[in-house]
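Coordinate inspection notes
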Amino acid sequence: PAIYGIIRYFAINGYSILLAFSDGEPFQTPFTLRNFRMFWKDMQGNGILLIALKNTLKYFCVGLVQQFACYVVAYFLYKKIPLYEGFRFLFYLPCLIPGVVSSAIFMDLIRVGGPIYQIASHFGITYNDLLSRPETATTTMIVYMLISGIGTTYLIYVGAMNRIPVELLESAQLDGCGTWREFWSIVFPLTFGTYATFFLMSLCGVFTASGPILYMTQGAANTTTLGYWLFSQVIDGYYNYPAAVGVVFTLL
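This text gives an overview of the structure that appears in the document. The written sequence of each chain sets the order in which its residues are numbered from 1. Reporting of local features is limited, given that this is a predicted model, to residues whose pLDDT is at least 70; pairs of side-chain atoms are given and counted only at 80 or more, and all residues count toward the totals for whole chains, interfaces and linings. Excluded from the side-chain calculations are hydrogens and water; all other atoms, namely the structure's heavy atoms, are used.

**Quick look at the nonpolar core**
Applied cut-off: Within this scheme, the nonpolar core is defined by two criteria: the residues are buried Ala, Val, Leu, Ile, Met, Phe, Trp, Tyr or Cys, and they are joined through side-chain atoms within 4.5 Å. Classification of residues uses two cut-offs on accessible area relative to the type maximum, computed with a 1.4 Å probe and protein chains only: under 20% is buried, over 50% is exposed, and between them is partly exposed. To qualify as a helix, a DSSP run of H or I must reach at least 4 residues; to qualify as a strand, a run of E must reach at least 2; elements of each kind are numbered from the N terminus. Contacts between residues were defined by any pair of non-hydrogen atoms, one from each residue, lying within 4.5 Å.
One finds Y71, Y157, M161 and V187 to be the most contacted residues of the largest nonpolar core, which totals 21 residues. Sorting the residues of this core by element identifies helix 3 (48-78), helix 8 (153-162), helix 9 (166-174), helix 10 (179-190) and helix 11 (192-204) as the ones contributing at least two each. Residue contributions to this core peak at seven residues, all from helix 3. In contact with V187, not counting residues within four places along its chain, are Y71, Y75, M161, I164, L169 and E182.

**Some points on helix 14 (residues 240-251)**
As a reminder, the rule being used: Expected helix span is computed as 1.5 Å times (number of residues minus one).
With twelve residues, helix 14 should cover 16 Å at 1.5 Å per step; its first-to-last C-alpha distance of 17 Å lies within 8% of that length. Within helix 14, nine of the twelve residues are buried, which leaves the element mostly enclosed by the surrounding structure. Among the residues of helix 14, those classed as buried are N240, Y241, P242, A243, A244, V245, V247, V248 and F249. For helix 14, the secondary structure elements touched by its buried residues are helix 1 (2-20), helix 2 (34-42), helix 3 and helix 13 (226-235).

**Remarks on the side chain of T223**
Short version of the rule: In the analysis that follows, any N or O atom pair within 3.5 Å is treated as a polar contact, provided that within protein one partner can donate a hydrogen and the other can accept it, and provided that, for residues neighboring in sequence, both atoms belong to side chains.
Position of T223 among the secondary structure elements: in the loop between helix 12 (213-216) and helix 13. Within the structure, T223 has its side chain in polar contact with the side chain of T217 (distance 2.7 Å).

**Observations concerning the packing of aromatic side chains**
How two aromatic rings sit relative to each other is set out by the distance from centre to centre and by the angle between their planes. Put simply, the rule reads: Centres within 6.5 Å make a pair out of two Phe, Tyr or Trp rings, where for Trp the six-membered ring is used; the pair is then stacked when the planes are under 30 degrees apart, edge-to-face when over 60, and tilted otherwise. As a reminder, the over-ring test applies to NZ of lysine and CZ of arginine, requiring each to be within 6 Å of the ring centre and within 35 degrees of the ring normal.
Taken as a whole and assessed by the stated rule, the structure comprises 25 aromatic pairs. Where F91 meets Y154, the ring centres are 6.4 Å apart and the plane angle is 65°; that geometry is what we call edge-to-face. With F91 in helix 4 (residues 84-96) and Y154 in helix 8, this residue pair connects regions lying 63 residues apart in the sequence. According to the relative accessible area criterion, F91 is partly exposed, its value standing at 23%. Sitting over the face of the ring of Y9, R8 holds its NZ or CZ atom 5.3 Å from the ring centroid.

Read these as layout, nothing more, since geometry by itself doesn't imply function.
Written out as C-alpha cells, the structure reads:
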C-alpha cells in the first residue's frame, strides 16, 4: 500500500506537473511556458475554456442550491410529516437508478414529439431539440439536475438532527417556538457542523462541478465544463496543455 501511495499520489501527479511545462515527454523535450501562455490566451474573448469555466460555475451554484434543499428536505423528514416514509423512499429512488438510465428517461420526455412536447403543444407551445441549441442546452441539463433527486446527503443530515435532545425542542415548543424559529434558531445551529462540512467539500470541488454532459451532449452546443474538457482532451491523446490547465486551477 505504501508503494502504491507513492506511485499514485507523488509519481503520477508529479509527472503531470512536468507535462505542463513541456510540449512532449518531460526531460526529452525542452521545458517551456507555452502551455500557460496558451491558457491565458484562451481565457480571453469567448474561447472554449472561458465557456467551460462559466458552465462549471453554473453547476457549482446549482449544487449549492441542491445542498440547502437537501437540508430542508431532511428537516421535514426529521419532523415526520405525513407520509414521510414514502417521501424518504421517493427522494432516495434516483440513487437506485443509474445516471445513464435516468438521463435517457429525461431525454425521451423532453424530445420533440415526446410526452412533454405533446403537453406543451396542447397549449400552443412548440420547441426544437433543447439539447442541440447553445441557448437552451445547459439550462435543460441544469433543470434535469434539479429534478433528478436530492441524493443521499439528506440521510446524514437526518442523522445529525436525530442527535438533538428531544427535551430541548419540547422546551422550545412550550415557550411558543414555531417551526420556522425551530429550524433557524435551534436545529440549524446545532447541526451546522455537518452542513458546513458538506459546504466546504463543495468549495474544494468548485472547478470539478459538472452535469450529465457525457450522457446528453458530449460537450456540444457550448455545454462543456472544465472537467469534461479535460476528459475529452485526454481521451483524444493530448496531455501537456490539459496538464497546464489542471495546474492553474489546482493553484486557484
